[in-house]
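Residue-level listing of the chains:
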Amino acid sequence: MSSIDGGLSTILQRYLPDVHWQRIESGGVGRGIPDLNGCANGVEFWCELKATGGWTPAIRPNQVAWMERRSRSGGRVFLLTRRRAEQGKRRVAADQLWVHRGDMARHVSENGLAGPPSLYVGDGGPAQWLWPVVAEILYG
């Protein structure tokens, strides 16, 4: 991966340019706060960005807790995971985007990407992902 989030921060900014994005670097001050805050069409939302080569992204307990608390308070929080798997004897190459509601983070952490219902799964890499659909989910 090009970075810890699989390059998703840069990809989102490129493919959703109408969003006002703010990268969040809270360090030890605000544990669990998602990576990106976005605002478009008067709708504010949060995105936790993950990357994995398998089926289960590493989500820290404080991230799960933050997403659950914010979701219970009516906030718009999403878990976006880029799954890139190399082709092998028993594996087909994949470059996917999985979008889950933030309140599903615990289920994703425990059961993997395909465990809880997802809002969107795109395949074929960023140029093939359906960005109007992703935009509708995040702030539509």
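Because the structure is a prediction, the values reported are computed rather than measured.

Regarding the overall build of the protein chain
Then, in step 1: A tally of regular secondary structure across the protein chain gives four helices and six strands.
Then, in step 2: Counting helices and strands in the order they occur from the N terminus, the protein chain gives α-β-β-β-α-β-β-α-β-α.
Then, in step 3: For 140 residues, the compact-globule estimate of 2.2 N^0.38 gives 14 Å, and the protein chain sits close to it at 14 Å.
Then, in step 4: In terms of overall dimensions, the protein chain has a C-alpha envelope of 45 × 30 × 25 Å along the principal axes.
Then, in step 5: By the burial criterion, 47% of the 140 residues in the protein chain qualify as buried.
Then, in step 6: A sequence separation of at least 24 residues applies to 55% of the contacts in the protein chain between residues at least 6 apart.

As for the sheet that holds strand 6 (residues 120-122)
Then, in step 1: Across the sheet, which stays open at both edges, the six strands sit in the order 1-2-3-4-5-6 with mixed pairing between neighbours. Each having just a single partner strand, strand 1 (20-23) and strand 6 make up the two edges of the open sheet. For this sheet, the mean angle separating the axes of adjacent strands, direction not counted, is 20°.
Then, in step 2: Sheet analysis places strand 2 (residues 36-40) next to strand 3 (residues 43-52), joined by five bridges and oriented antiparallel. Looking at the pairing, A40 lines up with V43 of strand 3.
Then, in step 3: The sheet strands contacting helix 1 (residues 8-15) are strand 1, strand 2, strand 3, strand 4 (77-85) and strand 5 (94-101), and the helix crosses strand 4 at an angle near 110°.
Then, in step 4: Along the sheet face, helix 2 (residues 61-72) touches strand 3 and strand 4 and points at about 155° away from the line of strand 3.

Notes on the packing of aromatic side chains
Then, in step 1: Summed over the entire model, instances satisfying the criterion amount to six aromatic pairs.
Then, in step 2: On the numbers, 5.0 Å between centres and 10° between planes, the contact of Y15 with W131 is stacked. One end of the pair, Y15, is in helix 1; the other, W131, is in helix 4 (residues 131-139), with 116 residues separating them in the sequence.
Then, in step 3: Relative to Y139, the ring of F45 has its centre 5.8 Å away and its plane inclined at 20°; by these criteria the two rings are stacked. With a gap of 94 residues between them, F45 in strand 3 and Y139 in helix 4 connect regions that are remote in the sequence.
Then, in step 4: Assessed through its relative accessible area of 0%, F45 is described here as buried.
Then, in step 5: Looking at Y139, the relative accessible area reads 12%, which means it is buried.
Then, in step 6: Stacked on the ring of W55, the Lys or Arg R83 has its end atom at 3.6 Å from the ring centre.

A closer look at the pairing of strand 5
Then, in step 1: Of all the eight residues making up strand 5, seven are buried; the element is thus mostly covered by neighbouring parts of the structure.
Then, in step 2: Across eight bridges, the pairing between strand 4 and strand 5 is antiparallel. Considered in strand 5, the bridge of L80 is made with V99.
Then, in step 3: Inspection of the sheet shows strand 5 paired to strand 6 by three bridges, in the antiparallel sense. Paired with L97 across the strands is G122, a residue of strand 6.

Each value, and the rule that gives it
- Residues numbered from 1 in each chain as written.
- Predicted model: local features only at pLDDT ≥ 70, side-chain atom pairs only at ≥ 80, totals over all residues.
- Heavy atoms only, no water.
- Helix = DSSP H or I, 4+ residues; strand = E, 2+ residues; numbered from the N terminus.
- Rg over C-alpha atoms; globule rule 2.2 N^0.38 Å.
- Buried < 20%, exposed > 50% of the residue type's maximum accessible area, 1.4 Å probe, protein only.
- Contact = heavy atoms within 4.5 Å.
- Pairing = 2+ DSSP bridges.
- Axes fitted to C-alpha atoms, helices over the stretch in contact; angles between N-to-C directions.
- Phe/Tyr/Trp six-rings, centres within 6.5 Å; stacked < 30°, edge-to-face > 60°.
- Lys NZ or Arg CZ within 6 Å of the ring centre and 35° of its normal.

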